[in-house]
Amino acid sequence: PVAAPPSTVDGFVREFLLNLNSGRGVTLSNASATDKYFALAHTVRDYLMARWLEDLRRQREVQDKGVAYLSAEYLLGRQLDNNLLASGLSEIAEEALAACGIDLDVLRQQEVEPGLGNGGLGRLAACFIDSLATMGVPNVGYGIRYEYGIFRQTFVDGQQAEQPDAWLSLGSPWEFAHPEGAQTIAFGGHTETYDDEGVPRSRWIPAWNVQAVPYNYMVPGYQNGRVNTLRLWSAVATNSFDLRVFNSGDYEEAVRAQTYAENISKVLYPEDSTPQGKELRLQQQYFFVAASIRDVFDVMLPADFELTNLPERIIFQLNDTHPVIAVPEFMRVLVDEKKMDWDAAWAVTQQCFAYTCHTLLPEALEVWPVELLGRLLPRHLEIIYRINEDFLVAVREKFGDDEMRIRDMSIIGEHPVRSVRMAYLATVAGAKVNGVAELHSQLLRDKVLPDFNEFYPGKFINVTNGVTPRRFVRLSNPSLSGLITDALGTGWVTDLERLRELEAYAEDPEFRTQFAEVKAANKRLLSDVLRERDGFEVSDGHMLDVMVKRLHEYKRQMLKVLHIVTTYEGIISGRVAVGDVQPRTFIFGAKAAPGYVMAKRIIHLINAVGSVVNNDPRVEGKLKVLFPPNYNVTLAERVIPAADLSEQISLAGKEASGTGNMKFALNGALTIGTDDGANVEIRELVGDDNFFLFGMSEPEVESLWAKGYKPSSFYNADSGLRRSLDLIAAGAFSGGDRSMFEPIVSNLLYDDRFMVLADYSAYIGAQAKVDAAYADQDAWTRSAILNVARCGYFSSDRSMRDYIERIWHTAPSF
Ligand SMILES: CCc1ccc([C@H](C)CC(=O)N[C@@H]2O[C@H](CO)[C@@H](O)[C@H](O)[C@H]2O)cc1
């Protein structure tokens, strides 16, 4: 087996210099920061390589059941520190580099964050594969190696502008290309039936194909000597250059295939709620799932593997509907290529797939027009029709000739155009369907897919989300980690429920002082980062009130804006004595999907309010609004440990779970929130005294909607609300231009789909409670400690244990 270099400072220095000299072809004296960063990354890789190769060998040997996690997104964040921590090399590396006169922090800044995801779903996938590696569960994460990740956000006159995310411009030291493992992925064409020794069979005659080249990324377990694999596919043309056409002088045509093929993995779709239904998006989805399924058959399974035993060997977890085309692809391979009998193949398929739903918004559920799907994947459409036929026969058997229900449950929807409802296909094929928080899973059962819940008793379960404590506590909050470890020892990093032992320390004034000092230190750290990054000043003594997540109307950043405007208006109108106001800095972080006009307007308004408030001497030192652009994992790691108040204010019944809410609570921020998503479970665990609950519950939302919601009636009934909305409408934040934010104001007054106005007064009331609570710093700190102590449940390790016990039935191996 490959030996790792000696885990000594000298050993590390030797390996580093070797990578600098022979890897980068430079000497220490003329090496650039990029050279040094790459050499460092390669050195860490060398230490992890032995474990990786050993794991790959043993996985092939023991043939344990593994999890293939299919996700169109992985929001990985920077890799260097996580890999140093996982390999237990952080201190050695720091010392070794210092010995070479290098500051590790300078090299850290060289790393470009791989932004291969939009938000919650992508980050969850990254947390999950970290937990599976740390728990020693055989797993391969499959996805797409986008050449351009989530766009870089800048603000031009307060408005979002998008720049392409060329994260690979300098290459990535963490990836291993394996062109020899390329898979041919076909598209288009037609199907035909033929007689195969008396057995009628179908086959697909594709029109064109591309190559899927795998790139492997290490997923190291936390100091357990384990390394799992993330395998991302990149598209290249099968024949990249057509010399014949070139010689005919049509140079463009000669490379057209290449450009066309590469487009498939060119860029991540920046939508995180409303699918655009673009053909390229379907090409992306089929491309990576077909390559991944091929990979499982070719690499993971011995050639003569008995196919009916597949369910004992592999489970494919579908991360939302995006990879669901994997179901008909799996059937095509089993029936058309492996010549398995349809029913036997379907029985295997239904045990080899499970589906996680991450949303409640009807518009976020993907549907593909049969015209498009049939043109791109003709054989798959046939297979989906057959699956649906058999399914509706069973539905008819169970529910009788209830045409309404048949039509409502059919995988094929007729309106507005005949389409495949991917969530229905996933539900019919999946062994289990899970929501990502108790409330979400309940709503899936009762409201989103009730017929299916009735038809498939026991299929719908819940697995509440989680976050990895390695990145979001141990790495991003070393001072808090030190305090916890001093009190409890190191075990909590892989056994987060141990945090419960901190409850006793909440009663210890000394510990409270240290805890408060940790928070203050993290605020100073954030202040340095924001000054350096965006020229912002974070004022001492301010409560940091933080709202960081994608910009979406259901998340209600507008409610936060109305709170700020209300507070501001109160002071400038003299209604509120400036002396009585608790100094607050409001920090926003949010990207809007480029095509989401209202979301971009709200970003513009937040920046507009910020520039007025931040420059108004009447509120100097009392109110500040900071909106650092390009919110991403790296910024989250700085902002979350510094936060006092975590804003989780979505309309009840709209946020599937949320995971930021968990990260804030685990870093000692108190939550102001509605009973939505995982907020409910956070509140249940931390206790009502340690959570600022407000607003309608989901049933109350439903009943207000049912009886007819008139947002303007709330405007008329609430003078504070009226004054705030009127201030915006009057152009107070747009230099008197009433038209600039008129669309926002009129949307709230006459539409307000997410009931911002209905929850306004409860929210303002809760914020007053926050101010009162914050005035007693010691009590606040005690409450913050109890939040940390009682949120161990929200570790993604616990989520993985739930998936293993309830869905996957795999086990940590060897
Ligand atoms: C096709 C467009 C599209 C792209 C992404 C999505 C994702 C499902 C959106 C998403 O990230 N959902 C979030 O998933 C998190 C992880 O489970 C949850 O915590 C969030 O509540 C949910 O909004 C929907 C539609």
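So, how was this worked out
Counting from 1, residues in each chain are numbered in the order their sequence is written. Two thresholds apply to this predicted model, a pLDDT of at least 70 for residue-level local features and 80 or more for giving and counting side-chain atom pairs, whereas whole-chain, interface and lining totals are computed over all residues. Only hydrogens and water are set aside when side-chain values are computed; all heavy atoms of the structure are taken into account. UniProt positions are given in the numbering used here, feature names are shortened, and annotations may be inferred rather than shown by experiment. By the criteria applied, helices consist of DSSP H or I runs no shorter than four residues and strands consist of E runs no shorter than two, each listed in order from the N terminus. Only C-alpha atoms enter the radius of gyration; for comparison, a globular chain is expected to reach 2.2 Å times N to the power 0.38, where N is the number of residues. In this scheme, a residue with accessible area under 20% of its type's maximum is buried, one over 50% is exposed, and one in between is partly exposed, where area comes from a 1.4 Å probe on protein chains only. Residue contacts follow a heavy-atom distance rule, with two residues in contact if any of their heavy atoms lie within 4.5 Å. We call a residue near a molecule or strand when any one of its heavy atoms sits within 4 Å of it. The definition of a polar contact used here is a pair of N or O atoms within 3.5 Å, where within protein one atom must be able to donate a hydrogen and the other to accept one, and adjacent residues in sequence count solely through side-chain atom pairs. For accessible areas, the Shrake-Rupley method is used with a probe of radius 1.4 Å. Any residue's cover is judged against the shown protein chains and nothing else. All residues other than Ala, Val, Leu, Ile, Met, Phe, Trp, Tyr, Cys, Pro, Asp, Glu, Lys and Arg, Gly among them, are scored as polar; the first ten of these are nonpolar and the last four charged. Definitions used for this entry: grid spacing 1 Å over protein atoms alone; cavity, a set of points where a 1.4 Å probe fits but cannot get out; pocket, an open set with protein on both sides within 12 Å along at least 5 of 7 lines; lining residue, one with an atom within 4 Å of a point. Grid points are joined across faces, edges and corners, and a volume is the space filled by probe spheres set on the points. Here a salt bridge means any side-chain nitrogen of Lys or Arg lying within 4 Å of a carboxyl oxygen belonging to Asp or Glu. Segment limits for the domains were obtained from an automatic or database-derived domain assignment. Accessible area that two parts lose when put together, with a 1.4 Å probe and added across both, is what the buried area reports. Pairing of aromatic rings covers Phe, Tyr and Trp, the last through its six-membered ring, and needs centres within 6.5 Å; plane angles under 30 degrees mean stacked, over 60 mean edge-to-face, and all others mean tilted. To sit over a ring, a charge needs its Lys NZ or Arg CZ within 6 Å of the ring centre and within 35 degrees of the ring normal. A patch consists of residues whose relative accessible area exceeds 30% and which take part in no salt bridge; residues with like charges are grouped when within 9 Å of each other, and nonpolar side chains (Val, Leu, Ile, Met, Phe, Trp, Tyr) when within 5 Å. Whether two strands pair depends on DSSP finding at least two bridges between them. Under this scheme, a helix contributes an axis fitted over its contacting stretch, all axes are lines through C-alpha atoms, and angles between N-to-C directions fall in the 0 to 180 degree range. By nonpolar core we mean a set of buried residues, namely Ala, Val, Leu, Ile, Met, Phe, Trp, Tyr and Cys, connected to one another through side-chain atoms within 4.5 Å.

- The name an unreviewed UniProt entry assigns to the protein chain is Alpha-1,4 glucan phosphorylase, from the organism Microbacterium marmarense.
- The Catalytic activity (unreviewed entry) comment attached to the protein chain in UniProt states, word for word, "[(1->4)-alpha-D-glucosyl](n) + phosphate = [(1->4)-alpha-D-glucosyl](n-1) + alpha-D-glucose 1-phosphate".
- The UniProt entry for the protein chain carries this comment under Sequence similarities (unreviewed entry): "Belongs to the glycogen phosphorylase family."

1. Overview of the overall build of the protein chain
- Helices and strands together make up the secondary structure of the protein chain, namely 33 helices and 25 strands.
- The C-alpha atoms of the protein chain give a radius of gyration of 27 Å, which matches the 28 Å a tight globule of 814 residues would have.
- Dimensions of the protein chain along its principal axes, counting C-alpha atoms only, are 90 × 75 × 65 Å.
- Relative to its 814 residues, the protein chain shows a buried fraction of 61%.
- The contacts of the protein chain with a sequence gap of at least 6 include a subset with a gap of at least 24, amounting to 77%.

2. Brief notes about the site of the ligand
- Near the ligand there are 20 residues, and of these His-358, Asn-465, Glu-655, Ser-657 and Gly-658 occur at the shortest range.
- Between an oxygen atom of the ligand and a side-chain N or O atom of Tyr-554, the distance comes to 3.0 Å.
- Within the backbone of Gly-658, a nitrogen or oxygen atom sits 2.8 Å from an oxygen atom of the ligand.
- Within the complex, 95% of the 570 Å² of free accessible area of the ligand lies under protein.
- For the shell around the ligand, the leading source of residues is helix H6 (residues 120–134), giving three residues.
- Looking at the shell around the ligand residue by residue, the classes come out as six nonpolar, eight polar and six charged.

3. Structural notes on empty space enclosed by the protein
- Inspection of the entire model under this criterion finds six cavities of 30 Å³ or more.
- Computed from the structure, the second largest cavity encloses a volume of approximately 160 Å³.
- Leu-76, Gln-79, Asn-82, Ala-126 and Asp-130 are the residues nearest the centre of the second largest cavity, which is lined by 15 residues in total.
- Breaking the lining of the second largest cavity down by element, the ones donating at least two residues are H6, strand E11 (208–220) and helix H19 (469–475).
- Tallied by class, the residues present in the lining of the second largest cavity amount to eight nonpolar, three polar and four charged.

4. Regarding the environment of Gln-777
- Topologically, Gln-777 is positioned in helix H32 (residues 777–789).
- A relative accessible area of 39% places Gln-777 in the partly exposed class.
- Among the polar contacts listed, one links the side chain of Gln-777 to the backbone oxygen of Tyr-774, at a separation of 2.9 Å.

5. Things to note about the pattern of salt bridges
- Within this structure, the stated rule accounts for 61 salt bridges.
- The salt bridge partner of Arg-57 is Glu-61, with a shortest N-O separation of 2.7 Å. Remark: Glu-61 and Arg-57 occur in helix H2 (residues 33–62); sequence separation between them is four residues, near one turn of the helix.
- A residue is classified by how much of its surface remains accessible, and Glu-61, at 53% relative accessible area, is exposed.
- A salt bridge links Arg-418 to Glu-414; the shortest N-O distance between them is 2.6 Å.
- Of the residues examined, Arg-418 reaches a relative accessible area of 38% and is grouped as partly exposed.
- Because the salt bridges share partners, they merge into one network encompassing Glu-54, Asp-55, Arg-57, Arg-58, Glu-61 and Arg-226.

6. Things to note about the environment of Lys-769
- Along the chain, Lys-769 falls in helix H31 (residues 756–775).
- Exposure remark for Lys-769: the relative accessible area of 55% places this residue in the exposed category.
- Here the alpha-carbon distance between Lys-769 and Phe-460, two residues 309 residues apart in the chain, equals 38 Å.

7. Points about the domain arrangement of the protein chain
- By the assigned domains, the protein chain splits into domain 1 (1–62 + 78–112), domain 2 (63–77 + 113–464) and domain 3 (533–649 + 658–685 + 709–784).
- Its C-alpha centre places domain 2 at a distance of 37 Å from the equivalent point of domain 3.
- The junction of domain 2 with domain 3 conceals about 2,300 Å² of combined surface from both sides, 55% of it contributed by carbon and sulfur atoms.
- The largest contributions to the domain 2 side of the interface with domain 3 come from Glu-113, Gln-153 and Phe-155, which together make up 23% of the buried area.
- Along the contact surface separating domain 2 from domain 3 lie two salt bridges.
- Measuring nitrogen to oxygen at the nearest pair gives 3.1 Å for the salt bridge that ties Glu-363 to Arg-753.
- Our count for the contact surface shared by domain 2 and domain 3 stands at 14 residue pairs in polar contact (both at pLDDT 80 or more).
- For the side of domain 2 that touches domain 3, the secondary-structure elements that each account for two or more residues are H6, strand E5 (152–156), strand E6 (159–163) and helix H17 (438–448).

8. Some remarks on the packing of aromatic side chains
- According to the stated counting rule, one finds 31 aromatic pairs in the structure shown.
- With a centroid separation of 6.0 Å and 50 degrees between ring planes, the pair formed by Tyr-568 and Phe-733 is classed as tilted. You can see Tyr-568 sitting in helix H22 (residues 557–572) and its partner Phe-733 sitting in the loop between helix H29 (719–729) and helix H30 (742–750), a full 165 residues away along the chain.
- The exposure class of Tyr-568 is buried, given its relative accessible area of 4%.
- Through successive ring pairs, a cluster of aromatic residues spans Phe-391, Phe-399, Tyr-424, Phe-452, Phe-455 and Tyr-456.
- Taking NZ or CZ as reference, Arg-24 lies 4.4 Å from the ring centre of Phe-38, over its face.
- It is Arg-798 that lies over the ring of Tyr-793; its NZ or CZ is 3.9 Å from the centre.

9. Focus: a nonpolar patch on the surface
- Together, Phe-241, Leu-243, Phe-246, Tyr-251 and Val-255 line one region of the surface with nonpolar side chains, adding up to about 460 Å² of accessible area.
- At the level of elements, helix H7 (243–247) and helix H8 (251–262) are the ones that each hand at least two residues to the nonpolar patch.
- By the element assignment, Leu-243 lies in helix H7.

10. What about the sheet that holds strand E16 (residues 412–413)?
- Spatial ordering of the open sheet is given by E15-E17-E16, a layout of three strands whose pairing is antiparallel. Sheet topology places strand E15 (367–369) and E16 at the edges, where each strand pairs with a single neighbour.
- The pairing of E16 with strand E17 (residues 419–421) spans two bridges and is antiparallel. Looking at E17, one finds that Gly-413 is bridged to Ser-419.
- Each of E15 and E17 is contacted by helix H16 (residues 422–429), which is oriented at about 50 degrees to E17, the strand it contacts most.

11. A short note on the layout of surface pockets
- In this structure, the largest pocket occupies an estimated 1,200 Å³ of space.
- In terms of lining, the largest pocket is formed by 36 residues, of which the most central are Arg-78, Arg-108, Gln-109, Thr-634 and Arg-638.
- Secondary structure elements with two or more residues in the lining of the largest pocket: helix H3 (80–86), helix H4 (90–99), helix H5 (104–108), H19, helix H21 (509–534) and helix H24 (633–639).
- By residue class, the composition of the lining of the largest pocket is twelve nonpolar, seven polar and 17 charged.

12. Concerning the nonpolar core
- Within the largest apolar cluster, 121 residues are counted, with the highest numbers of intra-cluster contacts made by Phe-287, Leu-310, Phe-316 and Phe-330.
- It is helix H9 (residues 279–300) that contributes the most residues to this core, eleven residues altogether.
- Leu-605, Val-625, Phe-694 and Ala-766 belong to the second-largest nonpolar core, a separate cluster that totals 104 residues.

13. Remarks on the pairing of E6
- Here E5 runs beside E6; their pairing, made up of five bridges, is antiparallel. Pairing of Gln-153 across the sheet is with Glu-162, part of E6.
- Here E5 hands over to E6 after two residues, with Asp-157 in that stretch at a positive phi of 55 degrees.

14. Let's talk about the side chain of Ser-87
- Within the secondary structure layout, Ser-87 lies in the loop between H3 and H4.
- Ser-87 sits in the buried class, given a relative accessible area of 9%.
- Once you skip the residues sitting within four places of it in the chain, Ser-87 turns out to touch Val-44, Leu-48 and Arg-51.

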